[in-house]
Amino acid sequence: MKKVITGNHAVSYGAQLARSQVIAAYPITPQTQIVELLSEFCASGKLNAKFIKVESEHSAMSACIAAAATGARTFTATSSQGLALMHEMLHWAAGARLPVVLANVNRAMGPGWSVWTDQNDSLSQRDLGWLQFYCESNQEVMDTVIQAFKIGEKVLLPVMVILDAFVLSHTSEPVDIPDQELVDRFLPLPPVNLPYKLDVEDPHAFGALTSPDHYYEIRFKIQKAQDEAVQVAKEVDEEFKNILGRGYGIVEPYRCDDAKLILVTSGTITGTARIVVDSERVKGRKVGLLKIRMFRPTPIKELREILPRAQKVVVIDRNISFGHSGVFCQEIKSALYGLPVQPTIFGFIIGIGGRDVTAQDIEEIVDYASKTEKPDSIILWRGVRL
Amino acid sequence: MKFEIPQKEYMYPGHVACPGCGGAYSMRMALKALGERTIIVIPACCWSIIDGPFPLHACKPPVFHTAFETAAIAASGIKAGLDIQGKTDITVMSWAGDGGTLDIGIQALSGAAERNDDFIYVCYDNEAYMNTGIQRSSATPWGAWTTTTPAETPKSEPKKNITEIMIAHRIPYAATTTLAYPDDMIRKFKKAKSIKGTKFIHIFAPCPTGWKMAPDLMVKICRLAVDSNVFPLYECEYGIHYTINHIPKKPIPVEEYLKPQGRFSHLTKAMIEHIQKSVNFEWELLKQRAGVS
Ligand SMILES: Cc1ncc(C[n+]2csc(CCOP(=O)(O)OP(=O)(O)O)c2C)c(N)n1
Ligand SMILES: [Mg+2]
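From a predicted model like this one, the values you see are computed outputs, not experimental measurements.

(A) Summary view of the coordination of the magnesium ion (ligand 2). Residues and elements named next belong to chain B. Taken together, Asp-98 (OD), Asn-126 (OD1) and Ala-128 (O) make up the full set of protein donors to the magnesium ion (ligand 2), lying 1.9 to 2.1 Å away. Donor residues binding the magnesium ion (ligand 2) come from one chain and are separated in sequence as D-x27-N-x1-A. Judged by its relative accessible area of 7%, Asn-126 is buried. Here Ala-128 falls in the buried class, since its relative accessible area comes to 3%.

Given below as structure tokens:
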């Protein structure tokens with residue numbers, strides 16, 4: 001059934017179709033409609049879940065972790081300050097190897113108070129063991145939430161599905177909402193099949209004091225699971241395509257084959273960049289685009305395969321790692337390190353705190369990079385008004 | 001009246017508590033009352049160590065270790081996860097220290113109590129942060145020495161009354177208990193198990209290490225605390241119906257309770273008098289609430 005819905009409601013439908021069993025969430029702009037619609041689903045019986053109306057995001061994540069440890073399929077959604085408040089427990093979810101799914105609406109961190117989009121909230125949580133997916137459209141948001149459960153439950157890691165504040169969260173687009181029966185064919189029915197769970201018939205202690213003799217290997221295995229997740233995410237996306245007719249890949253190259261310059265984007269800037277690629281092609285410039293959908297684990301192999309086709313790579317970061325540069329740019333440089341042929345990498349920062357990113361901005365970025373042999377600094381700031 | 005403590009053990013030797021740990025013995029009693037269809041939640045506290053380091057585990061029921069401030073919400077999450085899977089006969093018990101309850105965990109505890117989530121929350125109160133080396137908590141009594149309230153400037157604030165805070169949430173059951181009265185303790189745990197909703201049990205749990213006293217005095221100190229009215233045994237249903245479970249015929253002076261504990265050794269006569277007065281005052285308040293004259 002096609003319906004015109006916001007990105008936030010796309011998240012709610014995804015969590016409902018995935019048959020979430022325990023939901024614990026706390027309201028924050030611009031995430032609120034996600035939990036409101038899920039509350040309605042629970043109240044009307046459209047979703048058979050326990051919804052714990054917690055008193056904070058820290059508790060939301062703690063409740064999901066504890067419920068997941070019993071084998072229940074768990075879901076939460078948050079944004080910005082809420083995600084930051086969860087931080088301690090985000091570590092716990094990954095360390096405990098529990099496939100909690102979280103939708104984060106990318107919103108800038110205070111102060112000053114901002115409700116508008118940038119990626120600093122989710123990128124501040126990139127090193128914890130969570131998988132991260134950045135979405136371009138409302139359809140992709142819904143589909144990724146459903147996929148996230150399957151991927152997370154296979155590799156036993158939590159998954160964060162990320163959408164831009166307002167540009168997706170509050171913008172309506174046509175979304176194909178699949179029949180429950182199709183989703184059930186794709187995603188096994190809960191409870192989740194965990195190797196160990198909280199069970200009085202098979203009692204264990206979870207998360208006890210762990211000496212250096214054991215802790216190191218537990219972390220080693222998280223990284224192994226992250227490595228494995230690259231292939232799992234591809235396979236799950238394929239299965240999804242076979243059953244539901246849509247797939248996204250972990251990255252999406254667009255007109256990259258003969259490109260001399262490749263733009264690298266994530267989130268909704270991708271949609272704008274796609275238009276610019278087409279218009280640049282009309283002008284005769286060989287520009288391509290690489291959309292990064294899965295950022296943790298980093299699709300290193302794909303980056304190394306695709307990006308060196310061009311002489312120039314232009315990374316667009318709607319975030320800043322203070323004291324260094326844009327996070328995507330850093331990671332792409334690191335992924336390409338050691339290749340015999342190195343493209344020149346331009347790292348642009350743009351759109352922080354939800355400042356609009358227009359097609360004209362991206363055209364000017366492409367124009368600058370095309371005409372400039374080498375960037376004169378590690379960060380190329382776009383549109384700073386001083 | 002004869003009372004028998006159930007023989008069956010659900011906590012085994014090999015735990016790593018200090019000698020005379022009130023928190024360890026209290027768990028042993030609690031589990032005797034609750035049985036093995038129980039899941040235990042333990043936030044950061046001495047009990048994160050006592051149950052044993054990985055892969056050891058001293059309690060028979062499953063133990064879920066969780067972050068310091070999450071004892072209550074983890075229980076809510078476990079209960080929800082079990083309920084949605086149809087496993088409705090399992091008792092979930094949070095077992096947290098005074099720091100995890102009165103300080104860092106009070107927000108999540110208040111949230112769970114307001115929702116009346118179905119679990120037993122136990123605060124084993126040793127009146128300081130013992131795991132990290134005897135720092136003051138808001139449960140540390142007035143006048144006590146801790147490593148952050150040195151004897152020159154001992155704790156200058158009275159103990160926070162957590163049981164009354166929980167009672168104010170109008171939860172179905174809140175009670176105080178201690179090991180010197182094992183019949184009282186076992187009865188209260190059984191009662192808590194039989195009630196749906198949030199149950200709060202406040203255990204007075206001496207820490208001989210942190211209180212600078214002989215480990216073999218542990219049970220005696222519990223008895224002195226009750227018999228001096230420092231820690232009255234009472235329970236309250238639905239935030240309204242109070243029962244005082246033990247009314248000392250002639251309360252002993254608080255000095256007898258304070259004397260064996262090194263953490264009070266710096267107290268002057270005037271300070272002891274001050275403590276006596278506030279104990280008397282609190283006792284009268286409690287009697288009023290319970291309608292006892
Ligand atoms: C967020 C956080 N802050 C601080 C700590 C360090 N910490 C661990 S246990 C503890 C004190 C626990 O005191 P209490 O709850 O009274 O339990 P006890 O150790 O006395 O049994 C502290 C401060 C922690 N684990 N987590
Ligand atoms: Mg303590």
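(B) Representation of helix H10 (residues 269-283) of chain A within the structure. Residues and elements named next belong to chain A. In this model, H10 (15 residues) spans 21 Å end to end at C-alpha, consistent with the 21 Å of a helix rising 1.5 Å per residue. Burial in H10 covers these residues: Ile-269, Thr-270, Ala-273, Arg-274, Val-276, Val-277, Glu-280 and Arg-281. Of the surrounding secondary structure, the elements contacted by the buried residues of H10 are strand E7 (159-164), strand E10 (251-254), strand E11 (261-265), strand E12 (287-292), strand E14 (312-317) and helix H13 (359-371). Backbone geometry just after H10 places Gly-284 at a positive phi near 100°.

(C) Spatial organisation of the domain arrangement of chain A. All names here are of chain A. On domain assignment, one finds that chain A holds domain 1 (2-244) and domain 2 (252-381). Computed over C-alpha atoms only, the centres of domain 1 and domain 2 are separated by 28 Å. Contact with domain 1, which involves 29 residues of that partner, is made by 28 residues of domain 2. At the boundary of domain 1 with domain 2, total buried surface from both sides reaches about 2300 Å², with 50% on carbon and sulfur atoms. Counting across the domain 1 and domain 2 interface gives seven salt bridges. Measuring nitrogen to oxygen at the nearest pair gives 2.6 Å for the salt bridge that ties Glu-136 to Arg-274. Our count for the contact surface shared by domain 1 and domain 2 stands at 20 residue pairs in polar contact (both at pLDDT 80 or more).

(D) The arrangement of the interface of chain A and chain B in detail. With 39 residues of chain A in contact, the opposing surface of chain B contributes 40 residues. Summing both partners gives a buried area of about 3000 Å² for chain A against chain B, and 68% of it is carried by carbon and sulfur. For chain A, the biggest contributors to the area lost against chain B are Leu-198, Val-200 and Leu-209 of chain A; these three give 20% of the whole. Our enumeration of links across chain A and chain B arrives at one salt bridge. Between Glu-201 of chain A and Arg-37 of chain B there is a salt bridge, and its shortest N-O distance comes to 2.9 Å. Where chain A meets chain B, there are nine residue pairs in polar contact (both at pLDDT 80 or more).

(E) Region of interest: the pattern of salt bridges. Residue and element names in this part refer to chain A. One pass over the full model with this rule turns up 49 salt bridges over all chains. With a shortest N-O distance of 2.6 Å, Asp-143 and Arg-246 are connected by a salt bridge. Residue Asp-143 is found in helix H7 (residues 138-155), and its partner Arg-246 is found in the loop between helix H9 (212-244) and E10; the two are separated by 103 residues along the sequence. In this structure, Arg-255 engages Asp-278 in a salt bridge whose closest nitrogen and oxygen atoms are separated by 2.8 Å. With Arg-255 in the loop between E10 and E11 and Asp-278 in helix H10, this pair connects stretches of sequence that are 23 residues apart. Residue classification places Arg-255 among the partly exposed residues on the basis of a relative accessible area of 40%. Overlapping salt bridges bring together Glu-136, Glu-140, Glu-252, Arg-274, Lys-291 and Arg-293 as one network.

Calculation rules
- Residues numbered from 1 in each chain as written.
- Chains lettered and ligands numbered in written order.
- Predicted model: local features only at pLDDT ≥ 70, side-chain atom pairs only at ≥ 80, totals over all residues.
- Heavy atoms only, no water.
- Donors = N, O, S within 2.8 Å, 3.2 Å for Na, K, Ca; no water.
- Buried < 20%, exposed > 50% of the residue type's maximum accessible area, 1.4 Å probe, protein only.
- Helix = DSSP H or I, 4+ residues; strand = E, 2+ residues; numbered from the N terminus.
- Expected span 1.5 Å × (residues − 1).
- Contact = heavy atoms within 4.5 Å.
- Domains from an automatic or database assignment.
- Buried area = accessible area lost by both parts, 1.4 Å probe.
- Salt bridge = Lys/Arg side-chain N within 4 Å of Asp/Glu carboxyl O.
- Polar contact = N/O pair within 3.5 Å; in protein donor to acceptor, adjacent residues only side chain to side chain.

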